[in-house]
Structures are given as C-alpha cells and as structure tokens.
Amino acid sequence: MIVSSGARYLRHRKIILLSVGLTALVLVTVALLWGLSIQNDQYAFYGEHQKGILTPPQRQTMVAAFDLTQVGMPVLKSVLQDWTVAADLLTRGQPVGEANLPSSVPPGDTGEAVGLSPAGLTLTFGLGASVFDGRFGLAAKRPAALIDLPSFPNDRLDTRFVGGDLGVVVCADDSQVVFHAVRALARIGQGRVVLRWVQQGFQAASPTTSDTKTGRNLQGFRDGTVNPDVTDRTVMNEVVWSQAGDGAPWMEGGTYLVVRRIRMFIEIWDRSSFGDQEQTIGRAKHSGAGFGAEYEKDAIDLTKKDANGKTLIPSDSHVALARGAGKEKILRRGYSFVDGLDERTGQWDAGLLFMSFQRDPQSQFVAIQSRLSNDKLNEYISTVGSALFACFPGVPKGGFLGQQLFN
Amino acid sequence: MGLIRGAVGGLALAALFVVMSCQKETAVPQATPANDLTVAISAYRAYAADQIDSLVAATTDFARSVTEGQYSKARAQYAPARMYYERIEPIAEAIGVLDARIDARESTDPEWTGFHRIEKFLWSGVADGSPLPTIIKSAATNLVQDTKLLRAKVESIELETADLITHAVELLNEVSATKIVGEEERYSRTDLYDVVANVEGSKKIFDLVSPALQSRDAALHAKVAAAFQALETRLAAFRTAEGYLSFDKVSKDTLKEVSRAVDALAEPLSLLPKALVPGNK
C-alpha cells in the first residue's frame, strides 16, 4: 500500500497520541491497583471489639499459646495489663519497652521492626479453659461456651500443639512485624509466662467480605467460601460476638476462637487424580463452584442429581458434610502452614492452620466437625493440634485486656 | 501490585488448568485382545476373592485361638492373618462400613471392634488360659462374621480400570502416611507385615496391567517397574525366619528411606490411567 508522507505523519501522530493515552491509562490503572492493594496499614488496638477477627486477614500470622508459670490472680492481671500497653504500641508501629536506656543494658525494644510499617498488625488475645482451674481464683467465671473440645475420629493430636492458658493470634502483612510482636509479648511476660507453642501461617486465605474471591489452600482449593458477611452487624452478633445473655457477662462483645492444626498429606494428595480431588471436596477445583453450580459463591444444592439419579455433590464429600443443613455458621480465618519435613517420613509437614471464630463452639464448630467423621477428605488430612480460647471483648482506651473478668 | 501479581498468578493458574484439561483429552489406543484390560479386572477380582477366602480361613483359626484362651498361639496367628486383608484393603474400603468394623484403630467408641480391639487385648500381657473378657469374645465372633460378609460382597463390587490403579496407589498411601510411622499396630508392633502386604497388593495390580502398559507406554512401565524393585529390595531386608522384623527394631532412618521409596513409586504409578484408561472420564 502506498501512503503519502503527510498521511504517514498523521497516522504516526495518532499512534503517538494513542500510546500516550494508553500509557496514561496503564499508569492510572497501576496507581489504582497499587492503592487498592495497600490494605489498611494500621488498626487501632483499642475499640469495641478486638481486631483480627472481622478485619480482613493479613498475609502472615503467628499464633502463640502461653502458659502461666505463677499462680494467683494478680500475675494474670499484670500480664494482661502489660500486653495491652504493648499491643497498642505495636499496632501503631512504635517500639515497646523502656526508651533511652543506657547502653550498659539491653534495649527495651528488640529493634527488628524499626522503620517498618505496622503492616496492618493485629493482636487478638484469649484465655484457654485451663486458666479457670484453681490457680487464679477464676473457676466460677469459666464461660459455659469455653468447653473442652471433644476428641474427633480423625484427630491425631500431638501435645506439642494442644491447649494453652493464654492464646494470641498475631497477623500482619509483614512476617518480620509479626515475629517482632510475638517476641515482644514473650519477652515482656518472662518470669510470668512461657511459650507453650508457636505456629506460623501464611495467607490461604478466607476473605471476610462476601464479594472477594476466596484464597486457595495447599490442596489448591478455595477455602472458606461460605464465610458470613462481616459487614452485617446482625449476622456478626448471631455468629461471632458473645452476647449479654450468653451466661458470661465478662465475655460480652468477645468471641471464641478454635485453632486446629490440620496436617495435609501433601504427597498423597498430589498423586490422587484430578477427578478424585474434586469428588473429595465436592467443588470444581478451578472455579470453586459446587458441582451443579457455575460460580464459587453460587448456592450449594446437595439434592441435585445426575442422569443416573446420583447426587452431583457426593454425600461423603467435604462440602456436603461440612454444610449439612447449612444451619451452623462460623467465621473462618484460615492460613496455610509449612513447617519443614516430617522427620519420620521425609514428607512435607504442611497443611492448614484452621481458625474459626464463633459465639458458641459447641453448637457451631463442634456441630460441624462432628459431621466430618466420614469425610472423604479425611484420607488426606489429620488434625494434629487443637486449642480453644475465649477471646476478650475489645479494650476501651485506658482499660486493659479482660478487665471485666477482674471486676 | 499485589493485585497485578494476583492477576498474573490467576492467569498462570487458569493456563495450568487448561493444560490439565487438555491432558485429559489425550487419545488412548484402542484395546486389542492382547492387552484387553477387562481380563486384568476379572483377574484382580479373582485375586481379591482368593485373598479374602484365605482371610476368612486364617481369621477363623485366629478367633478360635482367642476364644479358647490360647493367646500365644493367637499372637503368632495375628499378623499373618492380617496380611490377606492388607493386600486388598481398598476393596473393603470401597464396600463401605466393613473396613471400619474389621480394621478400625483404637478409639474411645464403645462399639470399637475388629482386629485392633483384639490386638490391644492380646498384647496387654495376658497369659494363656486367663479369662477372656466378653467384649473380646464378641469382637472375635464379629470379626469372623465380617470377613465372611466381605467375601460375599466382593462378588458384586464394581471395578473399572481407573479403580484398579486408584487401589494400587491407595495401598501405597496406606504405607507412606500411617503405617510407616507405626500407627497401625501400636501394641503388636507387626506394622511391617502390613507394609509388605500393602506393597504386595499394589504390585499385584501392577503385574496384571503390565502387558497393556508395556505396549502403550513402555517408558512409564519401566519407571514404575524399577521403583517397585527398589522398594521391594528395601522391604526384603525386613524378612526374618518367622516373618518380619518388629517395628521397634527398625531404625528411624530406614523407615524414612522406605517412606521415600514409596513416594517415589506411587507418583509415577498414579499416572497409569493416562495410558490405560480410554477417554478418561
């Protein structure tokens, strides 16, 4: 084709304009995406509820359980008071401990988070049932909801990951910030508490808004699809927050946290066929949609049948059993973990650090978990750690964690 | 940026799924009379029936020793009887409730019955002729009944080529996740009998499909055959005059090596349907 130089020039200019326009568009889009991707970088520690429950899950977590090494209510109270002060500082990105110390003593803050953003740090504290034995004079205050979890058929609990007097879930988008916080709590508590266990996790992840896509766990499936909508106050009051009439007034506005370390047999899962993997879960691996549905969030229909009269979602699949009649709801906050190798087999020690918040563990978590004894997924997983904590209500400025318990 | 990375990751994942679904479409040569897998399936059904016949006989003898108070004899009969079961365990699992009745691990369930219920009693230090608790007596009676029921039901079990391979892989999964860490025979410590039987059952399936596999994917066949051999060599070291070493006589390192040899075998074994199953469902 013959093109005159003028026309060529014009076309050239058009191309330049077009590319300028496109570049601008790309820049704007990148800026927008950048803005969106930076999540809240600070969550105030003080407030109506503890953070790290309804707030969106950050990328990293460390869950720690502590045991008290002394007896008597004052020691528990002092730990909670000191941790309150520290948690407020940490969430604001401030150093903990005494400042301006002479160089002849160790620094108050360990320093590895200096200059880092708080990265959306949240700390969520709770008490284990063992705190309500005779040691602290609190036996009468044990909430009925803080049950001893029953043993489930697929449990192979390892005492290294079970129980604890105190529990804290620390989450942030930066694992160094997370570690700094847990390290600070342990250091502050020296002589009064010892770490019982620590478990690290990275985002799996269960979103806490209903319009986001759910993260994938290490089996490659979306995990936590049916999480309730955290923006719905009524639902949260029903599902998550302990209410005035629930029998433990000091827990009003608090919640109960179940932590389960679910080991996945990664090598075995990886050699099970694509078809078996999907049949095990009851959802399409790619889209996350339940069989017979198109999208992840489409309603699950356990009654839908194929031409042969077999239910599309197998009755022993994880979805079918976990869902049951769909009555019980829990708020999931799932993270994946990889903890090196199982020294006995040389296989991955990896899986899901399952966490769920609920108002009443017995009628919510236990009801769901009890249905899973014949879950097809049990061939590929086993629960090796378990703990339940009563997470305090939020702390008002000037107050401290669990203050209501000591009144 | 996170979102962009996410989008790229999503695309990559989508591409992966496309690749995975394409793999599923790969055409497979039509079966010829020489490598017809229906022969392998019926041969496997016969093998399973044969194993369960032996299981019924061995379990009947074992149960008799238990009920007669001949506990030393029962202890010697226990592991060899179980091997018949361990060779075809996925068949029992496919049938459903029977596996839980025959082979359930220790539990607080008052209904707990089967081999391991009796195992716990036999290895609790009981002397020959000491009284037999009612619960163990009924566990022994149930066990014989349940193995007979298994024998009756095996005739009607539906089996397809893909199931066969799944069973072969599942038998190895049994080894690599739980048996190799000593979870199965926590009182008798006869875990290695189970390990050997699981591998033998898996190998049987491989042998049955071998001619077909050899003609359709000789490279995969060679790979799996070599991995079986490597594992069998390791297991042969556990052989003793009476049977197999006690679990607690084997070093941790050796057990780990076995687990890894199982993983190295099971991974290629799981690919067999690619070559053997026409038009993959």
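Residues numbered from 1 in each chain as written. Chains lettered and ligands numbered in written order. Predicted model: local features only at pLDDT ≥ 70, side-chain atom pairs only at ≥ 80, totals over all residues. Heavy atoms only, no water.

Trainee: Just to check I follow, could you spell out the pairing of strand S1 (residues 60-68) of chain A for this structure?
Mentor: Moving residue by residue along a regular strand, the side chains alternate between the two faces of the sheet. Residue and element names in this part refer to chain A. Burial of S1 is extensive: 8 of the 9 residues sit out of reach of the surface. Two strands pair when backbone bridges link them, and S1 and strand S4 (residues 193-203) are joined in this way by 9 bridges, in the antiparallel orientation. Its bridge partner lying in S4, Phe66 is registered against Leu195. Of the strand pairs in this sheet, S1 and strand S3 (residues 166-172) are connected by 7 bridges, and their pairing is antiparallel. Bridging across to S3, Phe66 finds its partner in Leu166. (Buried < 20%, exposed > 50% of the residue type's maximum accessible area, 1.4 Å probe, protein only. Helix = DSSP H or I, 4+ residues; strand = E, 2+ residues; numbered from the N terminus. Pairing = 2+ DSSP bridges.)

Trainee: I'm lost on the pattern of salt bridges in this one. Help?
Mentor: A pair can form between side chains of opposite charge whenever their charged atoms are brought close. Here the structure, examined in full by the defined rule, presents 41 salt bridges over all chains. Residue Glu174 of chain B is joined to Lys179 of chain B by a salt bridge in which the shortest nitrogen-to-oxygen separation is 2.9 Å. Comparing Glu174 of chain B with Lys179 of chain B shows no difference in burial state: the two are buried. A single network of salt bridges, built from pairs that share partners, joins Arg156 of chain A together with Arg82, Glu86, Glu89, Asp103, Arg105, Glu174, Lys179, Glu183, Glu184, Glu185 and Asp194 of chain B. (Salt bridge = Lys/Arg side-chain N within 4 Å of Asp/Glu carboxyl O.)

Trainee: Please explain the confidence of the model for chain A as it appears in this structure.
Mentor: Mean pLDDT over chain A works out to 90, with 88% of the residues at or above the 70 mark. The low-confidence segment residues 31-38 of chain A (pLDDT under 50) makes 9 contacts with residues lying over four places distant or belonging to another chain. (pLDDT = per-residue confidence, 0-100. Contact = heavy atoms within 4.5 Å.)

Trainee: Sorry, what's going on with a nonpolar patch on the surface here?
Mentor: Residues and elements named next belong to chain A. Taken together, the side chains of Phe202, Val338, Leu341 and Trp348 make up a nonpolar region of the molecular surface, amounting to roughly 360 Å² of accessible area. Mapping Val338 onto the fold places it in strand S7 (residues 335-342). A residue is classified by how much of its surface remains accessible, and Val338, at 42% relative accessible area, is partly exposed. (Patch = residues over 30% accessible without salt bridge, like charges linked within 9 Å, V, L, I, M, F, W, Y side chains within 5 Å. Areas by Shrake-Rupley, 256 points an atom, 1.4 Å probe, with all protein chains shown as cover.)

Trainee: Is there a simple way to explain the packing of aromatic side chains in this structure?
Mentor: Remark: the centre distance and the inter-plane angle together describe each pair of aromatic rings, the angle taken between the planes. Inspection of the entire model under this criterion finds 20 aromatic pairs over all chains. With a centroid separation of 5.8 Å and 50° between ring planes, the pair formed by Phe354 of chain A and Phe365 of chain A is classed as tilted. With Phe354 of chain A in strand S8 (residues 347-358) and Phe365 of chain A in helix H8 (residues 362-370), the pair connects residues that are 11 residues apart, well separated along the chain. The pair formed by Phe354 of chain A and Phe365 of chain A is uniform in burial state, with each residue classed as buried. For the pair Tyr78 of chain B and Phe115 of chain B, a centre-to-centre distance of 6.0 Å together with 80° between the ring planes defines the contact as edge-to-face. In this pair, Tyr78 of chain B sits in helix H3 (residues 71-87) while Phe115 of chain B sits in helix H6 (residues 115-122), placing the two residues 37 residues apart along the sequence. Exposure class is identical for Tyr78 of chain B and Phe115 of chain B. Each is buried. One aromatic cluster is present, built from ring pairs that chain together Phe45, Tyr46, Phe66, Trp83 and Phe125 of chain A. In this structure, Arg261 of chain A packs its charged tip against the face of Phe337 of chain A, placed 4.0 Å from the ring centre. (Phe/Tyr/Trp six-rings, centres within 6.5 Å; stacked < 30°, edge-to-face > 60°. Lys NZ or Arg CZ within 6 Å of the ring centre and 35° of its normal.)

Trainee: How should I be thinking about the pairing of S7 of chain A in this particular structure?
Mentor: All names here are of chain A. Pairing of S4 with S7, which is carried by 2 bridges, proceeds in the antiparallel orientation. In the sheet register, Phe202 faces S7, and the bridge partner there is Ser336. Hairpin connection of S7 to S8: 4 residues between the antiparallel strands, including Gly346 at a positive phi of 75°.

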